[in-house]
Amino acid sequence: MKKITLALSLVLFTIAGAFAQIEKPVTWSYAAKKVSKTEAVLYLKATIDDRWHIYSQNVKDGGPVKTTFTFSPSKDFSLVGKTVEPKAITKYEDTFKMNVSYFEKSVIFQQKIKLNKATAAVKGKVEFMVCNDRQCLPPEEIEFSIPVK
């Protein structure tokens with residue numbers, strides 16, 4: 001009897017697990033555009049599902065995890081300045097007891113680079129946190145590789 005109960009429990013948990021969805025409310029896409037023989041602009045776009053938002057790079061300590069870009073060092077290129085972002089929505093969030101800046105629907109971050117070769121592959125990672133009005137998902141880290149031709 002214990003074996004039947006155990007087997008039935010395992011089957012039920014397996015079926016329930018199959019129907020549980022892992023939420024992925026943000027998808028990232030990347031592009032690069034040469035602006036001269038020695039300069040390019042990287043475009044890092046977050047497409048965000050309805051009712052979700054990701055946070056700005058400029059969130060103060062004590063709040064949510066801010067969006068952070070880390071570029072792997074390379075002899076093929078060098079960063080020019082910081083990663084820029086458009087104007088964010090800023091509102092008081094009760095969860096964090098502070099004003100926070102965030103983006104809804106989509107946002108394109110831009111990073112200028114100086115090329116040391118005709119082509120390069122810019123690698124790195126983005127860390128971000130996504131929330132809606134009910135919950136925040138754990139911070140996520142995504143690796144990227146952007147070809148510059």
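Report on the accompanying structure. Per chain, residues are indexed from 1 in the order of the written sequence. Where totals are concerned, whole chains, interfaces and linings use all residues; where local detail is concerned, this predicted model gives features only for residues with pLDDT of at least 70, and gives and counts side-chain atom pairs only at 80 or more. By convention in this description, side-chain values take in all heavy atoms of the structure and omit both hydrogens and water.

**Points about the overall build of the protein**
Phase 1 of the analysis: Strands are runs of DSSP state E lasting at least two residues, helices are runs of H or I lasting at least four, and both sets are numbered from the N terminus onward. A tally of regular secondary structure across the protein gives one helix and eleven strands.
Phase 2 of the analysis: Counting helices and strands in the order they occur from the N terminus, the protein gives α-β-β-β-β-β-β-β-β-β-β-β.
Phase 3 of the analysis: The long-range fraction of contacts in the protein, counting pairs at least 24 apart against all pairs at least 6 apart in sequence, stands at 69%.
Phase 4 of the analysis: Summed over all atoms, the accessible surface of the protein reaches about 10100 Å², with 56% contributed by carbon and sulfur. Contacts are assigned to residue pairs that have any heavy atoms within 4.5 Å of one another. Residue burial considers only the protein chains on display, and all accessible areas are found by Shrake-Rupley using a 1.4 Å probe.

**As for the pattern of salt bridges**
Should the charged atoms of two oppositely charged side chains come close, the side chains can pair.
Phase 1 of the analysis: Between Lys or Arg on one side and Asp or Glu on the other, a salt bridge is scored when a side-chain nitrogen of the former is within 4 Å of a carboxyl oxygen of the latter. In the structure shown here, the tally under the stated rule is four salt bridges.
Phase 2 of the analysis: Here E140 and K24 are joined by a salt bridge, their closest N and O atoms 2.8 Å apart. Of this pair, E140 sits in strand 11 (residues 140–148) while K24 sits in the loop between helix 1 (2–19) and strand 1 (26–34), and the two are 116 residues apart along the sequence.
Phase 3 of the analysis: Type-normalised accessible area, obtained with a 1.4 Å probe on protein chains alone, sets the label of each residue: buried when under 20%, exposed when over 50%, and partly exposed for intermediate values. Overall, the relative accessible area of 24% leaves E140 in the partly exposed class.
Phase 4 of the analysis: Accessibility expressed as a relative area gives 49% for K24, which makes it partly exposed.
Phase 5 of the analysis: The partner of E141 in a salt bridge is K125, and the shortest N-O contact between them spans 3.7 Å. Placement of the pair is E141 in strand 11 and K125 in strand 9 (residues 120–128), with a sequence separation of 16 residues.

**With respect to the sheet that holds strand 3 (residues 53–55)**
Phase 1 of the analysis: Strands qualify as paired when DSSP identifies two bridges or more between them. If you trace the four strands from one edge of the open sheet to the other, you get 6-7-3-10, paired in antiparallel fashion. Lying at the two open borders of the sheet, with one neighbouring strand each, are strand 6 (89–93) and strand 10 (130–131).
Phase 2 of the analysis: For strand 6 and strand 7 (residues 98–104), the ladder comprises five bridges, and the chain directions are antiparallel. Paired with I89 across the bridge in strand 7 is Y102.

**Remarks on the layout of surface pockets**
If a probe as big as a water molecule is rolled over the atoms, it shows which places are left empty.
Phase 1 of the analysis: Space inside the largest pocket adds up to approximately 200 Å³.
Phase 2 of the analysis: The definitions used throughout rest on a 1 Å grid laid over the protein atoms alone, on which a cavity is an enclosed set of points accommodating a 1.4 Å probe that cannot get out and a pocket is an open set flanked by protein within 12 Å on both sides along at least five of seven lines; lining residues are those having an atom within 4 Å of a point. The wall of the largest pocket is formed by 14 residues, among which H53, E93, T95, N132 and D133 lie closest to the centre.
Phase 3 of the analysis: Taken together, the elements giving at least two residues each to the lining of the largest pocket come down to strand 3 and strand 6.
Phase 4 of the analysis: No other element matches strand 6, which puts three residues into the lining of the largest pocket.
Phase 5 of the analysis: Ten residues, namely Ala, Val, Leu, Ile, Met, Phe, Trp, Tyr, Cys and Pro, are considered nonpolar, four, namely Asp, Glu, Lys and Arg, are considered charged, and the remaining ones, Gly among them, are considered polar. When its residues are assigned to classes, the lining of the largest pocket shows six nonpolar, four polar and four charged. Grid points are joined across faces, edges and corners, and a volume is the space filled by probe spheres set on the points.

Functional significance is not addressed by these values, which are geometric in nature.
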